[in-house]
Structures are given as structure tokens and as C-alpha cells.
Amino acid sequence: MNRVHYDSHQLDELVLQMMETEQVGERVYRAALACAHHPALKKEWQGYLRDSQAHQGVVRRMCDALGLDPQAPTAARAVVRQLGDAWVQAIETAQRTSDPDTAQRVACECVLHAETKDHANWELLGRVARVAVGDVGQTLKAAHKAVEKNEEHHLQHIQGWHRELAIQALGLPAVLPPPETGKKMGLGGAPRSEPQVALH
Ligand SMILES: [Fe+2]
Ligand SMILES: [Fe+2]
């Protein structure tokens, strides 16, 4: 079988962006938790905050395997940080200036942005892990295997919360917790065909 080559400089760049993204995730969840008042959402975000911290450890091990300083700056990483700063600021502004339901929805929107980037990073890492060989290949495969499912949950669940809380705000029947959370986490979300709550 022909060996597939990849650009190792771009892999380094990706891994450093991943480090920043997980750090941004931690900050976004801390800010978002201050706006979360639905008990299931709060509980989920507390867990995902811990996941973001654990993922930093996994990315740090990849940095070691690649001989990278986990805090090394790059231009693309600076963009991740700048976006993260904007999300945290948006959440804090909403908390200060909006009603609690609006602030919770703004927090969901910002978590959705952060988790979209986080999930995309890990998906790309998986592409490289499939073709990388040797010690680096093993480290990448182990890291991806450890985190992949976790990131799928993060993204699917926040897509569900973001959608259902917006539906609720419109005065339409919402499913809370969203169906996505029930599927994977046993939190008791009902299927969309049987909406539980008609609010207002
Ligand atoms: Fe993550
Ligand atoms: Fe995540």
C-alpha cells in the first residue's frame, strides 16, 4: 500500500490551534455557566467544562510527541484566541444587559461557535491519524480515539439546546432537554414527534 504523505508543518499548526481551542472552550464554558439556568443545561456544561480541561491534557501529549511547545504562538492560533475573546465578551455583555432567557440563548450560540471549531479540529486530526505512522501515528490515533465521541456529543447536544431554546423563545412547543441529549447521555430528552412542553 502506498504511504499517504501529509504536511507536517500544517499538522503542527492544527495541533496548536487545538490547544488554543480547548483553552477557549474552558473560558467560554465558564462564562456560559454564569448564564445557564436550565438545570440539565447547567449540569451538561459543568461536564463539558471538565472535558475541555481533560482535552487540553490530551493535546499536550500530542505536542510532546511532535516536539511542540503547547503555548507556541502562530497566526492561526491568534485568530482562535481572538474569536474566543469575542464569544466570552458577548456572553458577559448579554449577562449584564439582557434578561436571563436571552442571556442563556446567547451563551448557547457562543458555545455552538466554540464547539463547531472544536469538532472540526478533532475531525481533521482524525484524517491525519489514519495515515500517520510510527510513534506520532500511535499518539495521534490514541488521542483521536479518546476524544472523538466526546466531541460528537458536545456538538450535537449544543445544536439541540440552541435550536430548542430558540423554538421556546418563539412561543412554539420545545423539547427540553433536547432529543439529542437523551439519545447519548440518558438525560431524558423526548423525541421531537412527542413534544413535552408547550410554553406561554
Ligand atoms: Fe474539546
Ligand atoms: Fe468540545
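Each chain carries its own residue numbering, running from 1 in the direction its sequence is written. Labels follow written order: the first chain is A, the first ligand is 1, and so on. Local features in a predicted model are, by the rule used here, given only for residues with pLDDT of at least 70; side-chain atom pairs are given and counted only at 80 or more, and totals for whole chains, interfaces and linings are based on all residues.

**Q** I'd love a proper account of the nonpolar core, names of residues and values included.
**A** Grouped together as the largest cluster of nonpolar side chains are 25 residues, with contacts concentrated most on Val28, Ala32, Cys35, Ile91, Ala107, Cys110 and Val111. Elements supplying a minimum of two residues to this core: helix H1 (8-33), helix H2 (39-66), helix H3 (75-97), helix H4 (100-131) and helix H5 (134-169). Of all the elements, H4 adds the most residues to this core, at seven residues. In this structure, valine 111 is in contact with Val28, Ala32 and Ile158, ignoring residues within four places of it in sequence. Linking buried Ala, Val, Leu, Ile, Met, Phe, Trp, Tyr and Cys residues through C-beta atoms within 7 Å yields a set, and such a set is a nonpolar core. With C-beta atoms placed from the backbone, a residue counts as buried when 20 or more other C-beta atoms lie within 10 Å of its own, as exposed when 12 or fewer do, and as partly exposed for counts between those limits. Residues Leu11, Met18, Leu125 and Val128 belong to the second largest nonpolar core, which totals 16 residues. The way it works is that DSSP assigns letters per residue, a run of H or I at least four long becomes a helix, a run of E at least two long becomes a strand, and they are numbered from the N terminus. Whether two residues are in contact is decided by their C-beta atoms, placed from the backbone, lying within 7 Å.

**Q** Give a description of the environment of lysine 42 that names residues and reports values.
**A** Positionally, lysine 42 belongs in helix H2. For lysine 42, a count of 15 C-beta atoms within 10 Å gives the class partly exposed. Sequence spacing of lysine 42 and alanine 32 is 10 residues, and the spatial spacing of their C-alpha atoms is 9.0 Å.

**Q** Go over H3, please, and point to the residues and values.
**A** A helix is expected to reach a length of 1.5 Å times the quantity of its residues less one. Under the 1.5 Å per step criterion, the end-to-end length of H3 is 33 Å for 23 residues, consistent within 8% with the ideal 33 Å. Every buried residue belonging to H3 is among Val80, Gly84, Trp87, Ile91 and Ala94, and all of these are buried. Buried residues along H3 sit against H1 and H4.

**Q** Now, about unusual backbone geometry: what can you tell me, with residues and values included?
**A** The linkage connecting leucine 176 with the following residue, proline 177, adopts the cis geometry, with an omega of 0°. Here proline 177 lies in the loop between H5 and helix H6 (179-185).

**Q** Which residues make up the packing of H1 against H2, and what values go with them?
**A** For every element, the axis is a line fit to its C-alpha atoms; helices are fit only across the contacting stretch, and the angle between N-to-C directions ranges from 0 to 180 degrees. It is the contact of H1 with H2, at a shortest axis distance of 9 Å, that shows an interaxial angle of 160°. One element, H1, and the other, H2, form an angle in the roughly antiparallel class. Every pair of crossing elements has a handedness; the one defined by H1 and H2 is left-handed. Angle categories: roughly parallel below 35 degrees, roughly antiparallel above 145, roughly perpendicular from 65 to 115, and oblique for all the rest. The hand of a helix crossing depends on one turn: near helix anticlockwise from the far one by less than a right angle means left-handed, and clockwise means right-handed.

Interpretation note: all reported values are geometric properties and have no functional meaning in isolation.
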